[in-house]
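The chain contents come next:
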Amino acid sequence: MSTLTEVADTHGSRITWAAVDTWVVAKRHLLHLVRRPDELLGTLMIPVMAVAMFGFVFGEAFGVAMDVPGSEYREFLLPGLFALTMAFGIGNTTISVAEDVRGGVLDRMRSLPMSPVAVLAGRALADMILAVVELSILLALGTLFGWQAHLGLGGVIAALGLLILLRMAFSWVGILLGLLVSGPEAAMKYFALVFPLAMVADTIVPTDLMPGWLAIPAEWNPLSSTVIATRELFGNTAGPATTWVGEHALTMAVLWPVAIIAVCLPLAMARLRRLGR
Amino acid sequence: MITDEPAIWTQGLRKSYPGRGAALDGIDLAVAPGTIHGLLGPNGAGKTTTVRILATLARLDSGQAWVAGRNVVHDRAGVRARIGVAGQYAAVDEVLSGRQNLEMFARLYRMRAKQARQRSGELLERFGLVEAADRAVRGYSGGMRRRLDLAVSLIRSPRVLFLDEPTTGLDPRSRIEVWDAVRELADSGTTVLLTTQYLEEADRLCSRITMVDRGRVVAEGSPAELKSSVGGRDLDEAFLLLTEGA
C-alpha cells in the first residue's frame, strides 16, 4: 500500500510540480492524437487544401492582381498559410476543452492535489508540440511546391518560434472559449468564426488589395504581424508595409501573443475556479 | 491512523444558486472514521452539492466543513491530498486505455513514473481489469467503467472516499460488484460517504444514513433506527414518510 508523502509547499517546488503536471496533462492530449490519428489528419487537411486551392486554383489570378508571377505569389502565400494553420487550431482546442468540461475529466483533475494551472496549461503545451509537427509537414510541402527560405537557418528558427508563440496565444483563446461555451456542439457550430480571423489578415490576399475599411482590421489582426514578420525572416515576398503596425511587425509579432496570453490565461483560470460555483 | 474525531464533519452547510434558491439549507453531518455513511434523498435534495463542496469542487456560502481533519475552505490542498472522488461527475478519459488513465492520474497524484506504473498494475488486478487494461475506455461496459473510476479514486489510498451515486445506471450484477468493492474499502479503514437514491443500496451498505430533502436533513440514524422511528417495516416507508413530511 502506498503511503501519503507530504509535499513541501515551497514556491520553488510549486513551480517544479506545475511543470511536471503540465507535461503529464500534455502527454494525455498527445496520446489522444496517437489513438485518434484522424483528428490530426483533419487539422492538417486545411493547410494542405489551402496550398492547393489558393496556391494553384486562385494563385495565378492573385499573382496577376499583385502584378507578380504565380510562383512568387506562392512564396508570399506560404508564410500566410503557416499562421493560418495556427489559427485553425483554435477549433480543436475549444472542442477538446468543452468535452473535458462535459465529460467530467476537468472536475476529476480539480479534485486532485495537482497544480491548478497545469489542468489547462497541459493543453497549451500539447498544442505547441502539435504545432511543431504541423509546421514541419507544411515546410516540407512548401519546399515541394517551390517555396524557399532565403535568409538561412537562423531566420527559419526565429520565424518558427514566432509561429509557435502565436499558436500558444490562440491555444489560450481556445481554452477560454472551451470553458465558456455550453458544450462541444456549440464549439463546432461557431467554428466558422475562425475564417474572418484567418482571412481578414495579411495571409492570403495582401491588405492593400482589400477595401479600405477592411484593410484596417486586417492590418491590426495579430495574425498579420506574425505573417509579415515571418515573411521578413524567411526573406519571402511581402506586400508594401505602409502602416505603423506593418512597419513594426517583428515587435508586434511578439507583443500580440504575449498580450493575448496575459488576458486569456487569468480569465481561463478564473473561469476554471468558477466551474464549481 | 484511527482517531475518534469524525472523518467528515459539517455544520450549517448552506449553498444557493442564483435564480434557483437554496440547494443546501443547513446540512449537519458527522461521519465516523472507517464507516460507510449514506446520504440518501430524492433528485435535487442536495446530495451532489454536499459532496461537491466536501470534495473542494464547489464553494459553500456559509457553515463549516472538515474532511480528514482539514478545513475545506482554508486548506483545499490538504483536503485534496486525502480524498478520492468517484461517481457521476468525476470521470475518466474515454479515449485512453484503463492503464493509461491510472498511470496519468497516479502521476497527477504526485507519484513517480515507476511507482505510478506499479500502483496501476495493482489496481487493475484488484478490480479485475487486467484483460481490458490496454483497450480504450470508450469500449468498456458500464460496470467496468465504474470499477476503473473507483480504481482511479483509490490510487493514493485516500482517507475519505466520496462516491456520488456509484451504481446509478448499472445492471444488478455490476451493482453487486461495486458494492463488494466498497465494503472491502471500508474494511481496510477508508471512510466512505456515499450518495444514493436507492434505498436498498443504503440499507445494504451503510452503517448510518442521513436522509436529506430540499437541502435539509430530515432524519439521521442506522438503517434499523430509521425503520423503527416511523414504525415501518422497511426503509421505503420511512423514506416516503420522512421526505413527504418535510
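Look up: the structure comes first, before these words.
Residues numbered from 1 in each chain as written. Chains lettered and ligands numbered in written order. Predicted model: local features only at pLDDT ≥ 70, side-chain atom pairs only at ≥ 80, totals over all residues. Heavy atoms only, no water.

K.L.:
Tell me about the overall build of chain A, residues and numbers included.
P.N.:
Scanning chain A for helices and strands turns up 13 helices and zero strands. Computed over the C-alpha atoms, the radius of gyration of chain A is 20 Å, within 12% of the 19 Å expected from 2.2 N^0.38 for a compact globule of 277 residues. Projected onto the principal axes, the alpha-carbon positions of chain A cover approximately 70 × 40 × 35 Å. A burial count over chain A gives 52% of its 277 residues as buried. Restricting the contact set of chain A to residue pairs at least 6 apart, pairs at least 24 apart contribute 83%. As displayed, chain A has an accessible area near 12200 Å², and 71% of this comes from carbon and sulfur atoms. Here chain A holds 17 positive side-chain charges and 20 negative ones, and the gap between their average locations is 15 Å. (Helix = DSSP H or I, 4+ residues; strand = E, 2+ residues; numbered from the N terminus. Rg over C-alpha atoms; globule rule 2.2 N^0.38 Å. Buried < 20%, exposed > 50% of the residue type's maximum accessible area, 1.4 Å probe, protein only. Contact = heavy atoms within 4.5 Å. Areas by Shrake-Rupley, 256 points an atom, 1.4 Å probe, with all protein chains shown as cover. Lys, Arg positive; Asp, Glu negative; His and termini not counted. Charge placed at Lys NZ, Arg CZ, Asp CG, Glu CD.)

K.L.:
Go over the overall build of chain B with me, naming the residues and quoting the values.
P.N.:
A count of helical and extended segments in chain B gives nine helices and ten strands. The C-alpha radius of gyration of chain B comes to 18 Å, within 12% of the 18 Å expected for a compact globule of 246 residues. Each principal axis of the C-alpha distribution contributes one length, and for chain B these read about 55 × 40 × 40 Å. Residue burial in chain B is summarised as follows: out of 246 residues, 56% are buried.

K.L.:
Help me get a handle on the packing of helix α2 (residues 37–57) of chain A against helix α6 (residues 116–144) of chain A, residues and values and all.
P.N.:
All names here are of chain A. Relative orientation of the contacting elements α2 and α6 amounts to 35°, with a least axis distance of 11 Å. Between α2 and α6 lies a crossing of right-handed hand. Residues L40, T43, L44, P47, V48 and V51 of α2 pack against L130, E134, I137, L138 and L141 of α6. In terms of residue class, the contact of α2 with α6 is made up of nine nonpolar, one polar and one charged. (Axes fitted to C-alpha atoms, helices over the stretch in contact; angles between N-to-C directions. Left-handed = near helix turned anticlockwise from the far one by under 90°. Nonpolar A, V, L, I, M, F, W, Y, C, P; charged D, E, K, R; others polar.)

K.L.:
Which residues make up the interface of chain B and chain A, and what values do they have?
P.N.:
Residue-level contacts link 42 residues of chain B with 32 residues of chain A. Taken over both partners, the interface formed by chain B and chain A buries close to 3300 Å², and the fraction arising from carbon and sulfur atoms is 54%. The tally of links from chain B across to chain A stands at four salt bridges. Note that D21 of chain A and R110 of chain B form a salt bridge whose closest N and O atoms lie 2.5 Å from each other. Across the chain B-chain A interface, the total number found is twelve residue pairs in polar contact (both at pLDDT 80 or more). Of all the secondary structure elements, the ones that give two or more residues to the side of chain B that touches chain A are β1 (8–17), β6 (83–87), α3 (98–108), α4 (113–126) and α5 (142–153) of chain B. Sorting elements by how many residues they give to the side of chain B that touches chain A places α3 of chain B first, with five residues. (Buried area = accessible area lost by both parts, 1.4 Å probe. Salt bridge = Lys/Arg side-chain N within 4 Å of Asp/Glu carboxyl O. Polar contact = N/O pair within 3.5 Å; in protein donor to acceptor, adjacent residues only side chain to side chain.)

K.L.:
Would you mind going over the sheet that holds β1 of chain B in detail, with residue names and values included?
P.N.:
All names here are of chain B. The sheet built from four strands is open, its strands ordered β2-β1-β4-β5 with antiparallel pairing. In this open sheet, the two strands that pair with only one neighbour each are β2 (21–31) and β5 (70–71). Pairing between β1 and β2: eight bridges, direction antiparallel. When the bridges of β2 are listed, T10 appears paired with L29. Against the sheet, helix α1 (residues 47–54) touches β1, β2 and β4 (62–67), its axis set at about 65° to β2. (Pairing = 2+ DSSP bridges.)

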